[in-house]
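Architecture at a glance
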Amino acid sequence: MALEHAILVSLLEKPGSGYELARRFERSIGYFWTATHQQIYRVLKRMQADGWVDVRDVPQSGRPDKKEYSVARPGRDALSAWLHEPTEPESVRHDLAVKVRGAAFDDPAALIGEVERHRQAHTDRLAHYLVGEARDFKEPQADGPLDTERELQHVVLRGGIAYERMMIAWLDDVLATLAGFDTGH
């Protein structure tokens, strides 16, 4: 996936400024596709030159006008073409897993702190996802069923929740295994 596609999806969900896009990447999309503020602004400029996005100046009181981006027809066409292309299943590239295997040639128990740090990061991300789910996808929906956009956002979030739970369970297994080496078993 190119950053352009992630930006198009975000702008179709809600037009916004480059700063607002960067904030969305920090809060949600960034868990699945990361980009720096500089990358986002550079790609937005290229997308504007290619006609993929429209830009309008939005007056602000006491501050410079901001530029609000929205998806133009060529951008929608590019996203549609990309959505119809086949994607290869992703392979897992996991540095920690290689470290765990490599620990057989060093001191396995020395990895406990690093695995605990990873576990905490996944626990924190899971908590963040669960808060977002409770806030954004209350059950049952008072205003009826979710629309297509919201339902697809929710299924991606549920995938993130399942992934974090799986990672925590695996890290617990790794910690239990490493603890056996720490006690001399």
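So, here is what we can say about the structure in this document. (Residues numbered from 1 in each chain as written. Predicted model: local features only at pLDDT ≥ 70, side-chain atom pairs only at ≥ 80, totals over all residues. Heavy atoms only, no water.)

Let us now look at the packing of helix H1 (residues 3-13) against helix H3 (residues 37-49). With their axes 10 Å apart at the nearest point, H1 and H3 run at an angle of 85° to one another. Classified by the angle their axes make, H1 and H3 are roughly perpendicular. Contacts between H1 and H3 pair Leu3, Glu4, Ile7, Leu8 and Leu11 from the former with Gln39, Ile40, Val43, Leu44, Arg46 and Met47 from the latter. Taken together, the residues that form the contact of H1 with H3 break down as eight nonpolar, one polar and two charged. (Axes fitted to C-alpha atoms, helices over the stretch in contact; angles between N-to-C directions. Helix = DSSP H or I, 4+ residues; strand = E, 2+ residues; numbered from the N terminus. Parallel < 35°, antiparallel > 145°, perpendicular 65-115°, else oblique. Contact = heavy atoms within 4.5 Å. Nonpolar A, V, L, I, M, F, W, Y, C, P; charged D, E, K, R; others polar.)

Between H1 and helix H2 (residues 18-27), whose axes approach to 11 Å, the crossing angle comes to 100°. As the angle between them shows, H1 and H2 are arranged roughly perpendicular. Contacts between H1 and H2 involve Leu3, Ala6, Ile7, Ser10 and Leu11 on the former and, on the latter, Leu21, Arg24 and Phe25. Looking at the contact of H1 with H2, its residues break down into six nonpolar, one polar and one charged.

Here the focus is the side chain of histidine 122. If you trace the backbone, histidine 122 turns up in helix H6 (residues 112-136). Ignoring any residue separated from it by four or fewer positions in sequence, one finds histidine 122 in contact with Tyr163, Glu164, Met167, Ile168 and Leu171.

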